[in-house]
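Notes for the structure review
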Amino acid sequence: MKTSKKILLLVVGVLALALFAACGRAEDPAPIATPEPTAAAETEAPATTPDPVDEVEDELDYTISILTISHSGELISVDHPAIQQLEELSGYNIELDMILNANFAEQMNMRLAAGDLPGIVVITGNTLPIVQAAQGGALWDLTDHIPQWENLAGVNPDVMNNVSIGGRHFGIYRQRPVGRPGMVYRSDWLEYLDLAVPATLEDLFNVLVAFTENDPQPNGGNTYGMAWTGAHMGPFHDLAVMHGAPNRWEVVDGEFVPWFEHEGFIEALEFSRELFALGAINPDFAALPPGDWALQFGAGLSGWHMDVSDEARRSANRLRDNEFMTQEEVDAGEMVWVMGTVANRHGESRIRAHAGHAGYVAISTTGAPTPEDLQHHLAFLNAINSPQGQNIVSWGAEGYNWEMVDGRVRIFTPEEVASGMDVVEGLNQFMMRQNHVLPLYGVNSREDAITEVQLTNIQWAVHDPSLALMSDTWTAQSGTLNQIIDDAVILFVMGTLDMAGFRNEVARWYAEGGQASIDEFTAALAAR
């Protein structure tokens, strides 16, 4: 180990900074038992490489600062062994700067404008400020560098294309399964009410109403079918695709047509409006903070959650923490289950495909101003993309949070983890590729179901055709344009807007940049 390291953990709350108490220093971390990768400093680059890889020194006292995301506000401790293991693996000191997800875009824009970015930056999407910053030189263009690093080369070209700007790559995508969407549900509620797993949208409607009206919670208490939040309308967009609508856009006779013009979208509007009227969607959804959305299921309030399939794992853990389940029931895969989709009235099974990423990890020119700084940061990213690095950022510190059993990862129970060492939230947010993440040991049937859903979903995935194309108007105004439609959906579902009013908002969408976006996407497609 080099000199003692420090980690700056900054969480920006919704209204104020969250307070943060540092834990005491842990004992020296356990040795890493996973296979040793080729050290970044020893990677031999081809003679034509622009990267002086062989000049990256092994033992420099050099600090890598990382701006990343916290979804919960529960912060990894200052001296967590996972950080120490990443430092030992990479040869660099590490500083973490963490911002709550709900505030990340706003804070990122402020810091871009102020030129206040560390070396490693998590980018959640190519918004206009990000595109302008990248094109203006605030981010390093990594297009010609990535192929020269052993653990960075070999990225999926289609996914890289989806995060590119003008055909250039300013980072490495944060990998996500294309078939990741899923519906998590209380299987014990279905059993308690003697209901079958829904196979169609009509079945799903009836189950959601039953979860609301028929007292399915064995522990008692008021319930509703599923929770929404007005700040994240993903469940509605999932329903729209299930009904037959496109994933944002479809191409008809070479022209881009927006999602809300499809009859499946209108069917999803009516479906959701009726569910809300029956109380099957939480009545406060328009104002529910996004951070409270998934918590409704874990608190025993809702029995259905439309989001991502691996939310089944977190939902089960929350039910355990709220004493609706025991650890034994969690381990056995009981009470919480997951499925991909249901058939619509046409007999079609459809899911809203993920783009294969959740943004990307970039290197800023303010935090890494010189070519030598760039090499250090690339060496660091190369190290954490190694087999060891991917498993540390996925699971925490080996020997503290997990151990290897028969080539798999056995996650320690809460009782086995030392006080303050259980929280590793945020580490996986600057994780990129997942091609070396080890499988879990003793995987229960629920975990098997998550994997099966993600694989099965691929055949039903409906992709967004705009992802590989550029529209200046859409880049600049997509946030506002999407909000126009989402706000109209919210008001329609709540019954305060009729179809004529909804169409008025659609007309505003076209006038305020929607039509220009259509024209630009259509032209970009024709030019390919």
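Here's what I pulled together on the structure shown here. (Residues numbered from 1 in each chain as written. Predicted model: local features only at pLDDT ≥ 70, side-chain atom pairs only at ≥ 80, totals over all residues. Heavy atoms only, no water.)

1. Examining the overall build of the protein chain
A tally of helices and strands in the protein chain yields 16 helices and 15 strands. The buried share among the 528 residues of the protein chain stands at 54%. Sequence-distant contacts in the protein chain: of pairs separated by 6 or more residues, those separated by 24 or more amount to 79%. (Helix = DSSP H or I, 4+ residues; strand = E, 2+ residues; numbered from the N terminus. Buried < 20%, exposed > 50% of the residue type's maximum accessible area, 1.4 Å probe, protein only. Contact = heavy atoms within 4.5 Å.)

2. Points about the sheet that holds strand S5 (residues 181–186)
The strand order S6-S9-S5-S10 describes an open sheet built from four strands, whose pairing is mixed. At either margin of the open sheet sits one strand with a lone partner, and together these are strand S6 (224–226) and strand S10 (336–339). Across the sheet, the axes of successive neighbouring strands diverge by a mean angle of 20°, strand direction being ignored. By the bridge criterion, two bridges tie S6 to strand S9 (residues 302–308) in an arrangement that is parallel. Its bridge partner lying in S9, Met226 is registered against Trp304. The sheet contacts of helix H14 (residues 445–457) involve S5 and S10, and relative to S10 the element is tilted by about 15°. (Pairing = 2+ DSSP bridges. Axes fitted to C-alpha atoms, helices over the stretch in contact; angles between N-to-C directions.)

3. Topic: the environment of Asp331
Here Asp331 lies in helix H11 (residues 327–332). The spatial distance from the C-alpha of Asp331 to the C-alpha of Val443 is 8.3 Å, given a sequence separation of 112 residues.

4. Description of the packing of aromatic side chains
To describe a pair of aromatic rings, you give the distance between the ring centres and the angle between the ring planes. Tallying each qualifying case throughout the model produces 24 aromatic pairs. Ring plane angle 15° and centroid distance 4.9 Å describe the contact between Tyr185 and Trp304, whose orientation is recorded as stacked. One end of the pair, Tyr185, is in strand S5; the other, Trp304, is in strand S9, and 119 residues separate them in sequence. Assigned by exposure class, Tyr185 and Trp304 land together as buried. (Phe/Tyr/Trp six-rings, centres within 6.5 Å; stacked < 30°, edge-to-face > 60°.)

5. Regarding the sheet that holds strand S1 (residues 63–70)
As summarised here, the arrangement of the five strands in space is S2-S1-S3-S12-S4, forming an open sheet in which the pairing is mixed. Edge positions in the sheet fall to strand S2 (93–100) and strand S4 (171–175), since each has one partner strand and no second. Shown here is a sheet whose adjacent strand axes are inclined to one another by a mean of 25°, direction ignored. Here S4 runs beside strand S12 (residues 357–363); their pairing, made up of four bridges, is antiparallel. If you follow Tyr173 over to S12, its bridge partner there is Tyr360. Helix H2 (residues 101–114) rests against S1, S2 and strand S3 (120–123) of the sheet, and its axis sits at about 110° to S2.

6. With respect to helix H12 (residues 371–384)
With 14 residues, H12 extends 20 Å between its outermost C-alpha atoms, agreeing within 8% with the 20 Å of an ideal straight helix rising 1.5 Å per residue. In terms of burial, H12 is largely enclosed, as twelve of its 14 residues are buried. In the core, the buried residues of H12 are packed alongside S1, helix H1 (81–90), S2, S3, S12 and helix H13 (387–395). (Expected span 1.5 Å × (residues − 1).)

7. Focus: the environment of Ile69
Looking at the element boundaries, Ile69 is found in strand S1. By relative accessible area, which is 0% here, Ile69 ends up buried. Sequence spacing of Ile69 and Leu96 is 27 residues, and the spatial spacing of their C-alpha atoms is 9.7 Å. Not counting chain neighbours up to four residues away, the residues in contact with Ile69 comprise Met98, Ile99, Asn101, Phe104, Val122, Thr124, Arg174, Gly426 and Gln429.

8. Regarding the packing of helix H6 (residues 201–213) against helix H8 (residues 263–277)
Packing of H6 against H8 leaves a shortest axis separation of 10 Å and a crossing angle of 15°. Judged by the angle between their axes, H6 and H8 are roughly parallel. Pair H6 / H8 crosses with right-handed handedness. Residues Leu201, Phe205, Leu208 and Val209 of H6 pack against Phe271, Glu274 and Leu275 of H8. For the contact of H6 with H8, a count of residues per class yields six nonpolar, no polar and one charged. (Parallel < 35°, antiparallel > 145°, perpendicular 65-115°, else oblique. Left-handed = near helix turned anticlockwise from the far one by under 90°. Nonpolar A, V, L, I, M, F, W, Y, C, P; charged D, E, K, R; others polar.)

9. Observations regarding the pattern of salt bridges
Counted according to the given criterion, the structure contains 19 salt bridges. The salt bridge partner of Glu447 is Arg313, with a shortest N-O separation of 2.8 Å. You can see Glu447 sitting in helix H14 and its partner Arg313 sitting in helix H10 (residues 311–321), a full 134 residues away along the chain. Residue class for Glu447 comes out buried when judged on its relative accessible area of 10%. Among the residues examined, Arg313 registers a relative accessible area of 27% and is labelled partly exposed. Two residues, Glu505 and Arg508, come together in a salt bridge whose shortest N-O distance is 2.8 Å. Here Glu505 and its partner Arg508 are both found in helix H16 (residues 499–526), three residues apart, which amounts to about one turn of the helix. When salt bridges that share partners are traced, they join Arg180, Asp310, Glu311, Arg314 and Arg318 into one network. (Salt bridge = Lys/Arg side-chain N within 4 Å of Asp/Glu carboxyl O.)

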